[in-house]
Amino acid sequence: MSYSIQSSNPKFIISKCVLSNSSLDEAIEQFFPLNTEVAIMNWNHIPIPLSYKYDISYMIMDVLGLIELLQNSNRGNMVISWLPDTFRSDWNIKWDNGLITIVSNWECTTGHIEYILNENNVVTVTVDKFIVEWKSILETIVNCLNNNNCNEFNVVGFNTLIRIYNRINGYGVLYRD
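Values in this document were obtained by computation on a predicted structure and should not be read as measured data.

Draft legend 1. Broad picture of helix α5 (residues 135-147). Taking 1.5 Å per residue, 13 residues should reach 18 Å; α5 reaches 18 Å between its end C-alpha atoms and fits that length. Burial in α5 covers these residues: Lys-135, Ser-136, Ile-137, Leu-138, Thr-140, Ile-141, Val-142, Cys-144 and Leu-145. Packing partners of the buried residues in α5 comprise β1 (3-6), α1 (24-31), β3 (39-43), α2 (52-72), α4 (127-133) and α6 (158-167). In the stretch just after α5, Asn-149 is the one whose phi turns positive, near 55°.

Here's what the structure looks like:
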């Protein structure tokens, strides 16, 4: 299991979406408290904690963009520079023939495990496996936003989230039936 994601069971704040024309990342940051369960990305058997409030909120649009590219094209490449202070990494991503390879360069993580991550910086999995690993994270966000009466009229990017979430067939290895 060189790549998997555990979404955990984070608490979220219910405030009935007082946002108006907020972006998706702002809504996620608002509704997830700092002190709740974190998601865990397993990278070559190395657990990396991801805060919903800060890491995932900062990453969400890049994650959705990557998944959409993977869903719509059989081959391609891109570079993502993840900006959260606790998940600062550059990913050089290539996919072709149903496989995705990510070559990473880690600069800063929670727990300061950059050295071990940089020694194990390449992950190759099937495109389908990579995509389904994100389903549970996206579902957690969708549930949070739905419970706060968020929709396409008060959160910019909500429709993109729902469209991409609905196109993912199945769940990652930790959440399959």
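Draft legend 2. Structural view of the sheet that holds strand β8 (residues 122-126). With antiparallel pairing, the four strands of this open sheet are ordered in space as β5-β6-β7-β8. Only two strands of the sheet have a single neighbouring strand rather than two, namely β5 (76-82) and β8. Put simply, the sheet's adjacent strands are angled 15° from each other on average, direction ignored. Relative to β5, α2 is tilted by about 180°, and along the sheet it contacts β5, β6 (87-96) and β7 (99-109).

Draft legend 3. Here's a closer look at the nonpolar core. In this structure, Tyr-3, Met-41, Trp-43, Trp-91, Phe-130, Trp-134 and Ile-141 are the most contacted members of the largest nonpolar core, which totals 52 residues. With nine residues, the top contributor of residues to this core is α2. The contact partners of Tyr-3, leaving out residues within four places of it in the chain, are Met-41, Asn-42, Trp-43, Trp-91, Val-123, Val-125, Lys-129, Phe-130, Glu-133 and Trp-134.

Cut-offs applied
- Residues numbered from 1 in each chain as written.
- Predicted model: local features only at pLDDT ≥ 70, side-chain atom pairs only at ≥ 80, totals over all residues.
- Heavy atoms only, no water.
- Helix = DSSP H or I, 4+ residues; strand = E, 2+ residues; numbered from the N terminus.
- Expected span 1.5 Å × (residues − 1).
- Buried < 20%, exposed > 50% of the residue type's maximum accessible area, 1.4 Å probe, protein only.
- Contact = heavy atoms within 4.5 Å.
- Pairing = 2+ DSSP bridges.
- Axes fitted to C-alpha atoms, helices over the stretch in contact; angles between N-to-C directions.
- Core = buried A, V, L, I, M, F, W, Y, C linked by side-chain atoms within 4.5 Å.

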